[in-house]
Amino acid sequence: VQLQASGGGLVQPGGSLRLSCAASGSIYRINTMAWYRQAPGKQRELVATITSGGSTNYADSVKGRFTISRDNAKNTVYLQMNSLKPEDTAVYYCNSHVTDRKMEGMYYWGKGTQVTVSS
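Just so it is clear, the model here is predicted, and its values are computed rather than measured.

Quick notes on the sheet that holds strand 8 (residues 76-81)
Two pairing modes exist for strands in a sheet, parallel and antiparallel, and in both the strands are linked by backbone hydrogen bonds. Spatially, the four strands line up as an open sheet ordered 1-3-8-7, and their pairing is antiparallel. Two strands bound the open sheet, and with one partner strand each, they are strand 1 (2-6) and strand 7 (66-71). Strand after strand, the sheet turns through a mean of 15° between neighbouring axes, direction not considered. With five bridges connecting them, strand 1 and strand 3 (residues 17-24) associate as antiparallel partners. Opposite Leu3, over in strand 3, you have Ala23 as the bridge partner.

Rendered as structure tokens:
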């Protein structure tokens, strides 16, 4: 199973970006999907999660600004980021718990995508 993230870039404060992360491979079911981020010199932190049923949870720092969603038909999770702040600058990683066709469940990480918020 592989996760491929995309959509990062440079944006001015107050701007928006949409991250995508597509899962591929020997997938039976994708369970919880999530976005994490890691800023320079800081630990990786959870940004948002979404269950297979669509229930979501957010870090306090992004509530009201970020929206996580998923397209189960495309095995893809999205992170819509609005009203971006310089402190949102980080490498963003997607993470998914996947049950493969051998009925084994594991967490997988995608390669990060850089988000830089700067004027």
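What to know about the side chain of Thr49
One can find Thr49 in strand 5 (residues 45-50). We classify Thr49 as buried; its relative accessible area is 18%. For Thr49, the contacting residues outside a window of four places in its chain are Thr32, Met33, Ala34, Ser55, Thr56, Asn57 and Ile68.

A look at the packing of aromatic side chains
This model, assessed by the stated rule, comprises two aromatic pairs. Ring plane angle 85° and centroid distance 6.4 Å describe the contact between Tyr93 and Trp109, whose orientation is recorded as edge-to-face. With Tyr93 in strand 9 (residues 90-100) and Trp109 in strand 10 (residues 105-109), this residue pair connects regions lying 16 residues apart in the sequence. Feature note: the residues Tyr36, Tyr93 and Trp109 constitute an aromatic cluster, connected by ring pairs. Positioned above the aromatic ring of Tyr78 is the side chain of Arg18, whose terminal nitrogen or guanidinium carbon lies 4.0 Å from the ring centre. The ring centre of Trp109 lies 4.7 Å from the NZ or CZ of Arg44, which sits over that ring.

Cut-offs applied
- Residues numbered from 1 in each chain as written.
- Predicted model: local features only at pLDDT ≥ 70, side-chain atom pairs only at ≥ 80, totals over all residues.
- Heavy atoms only, no water.
- Pairing = 2+ DSSP bridges.
- Helix = DSSP H or I, 4+ residues; strand = E, 2+ residues; numbered from the N terminus.
- Axes fitted to C-alpha atoms, helices over the stretch in contact; angles between N-to-C directions.
- Buried < 20%, exposed > 50% of the residue type's maximum accessible area, 1.4 Å probe, protein only.
- Contact = heavy atoms within 4.5 Å.
- Phe/Tyr/Trp six-rings, centres within 6.5 Å; stacked < 30°, edge-to-face > 60°.
- Lys NZ or Arg CZ within 6 Å of the ring centre and 35° of its normal.

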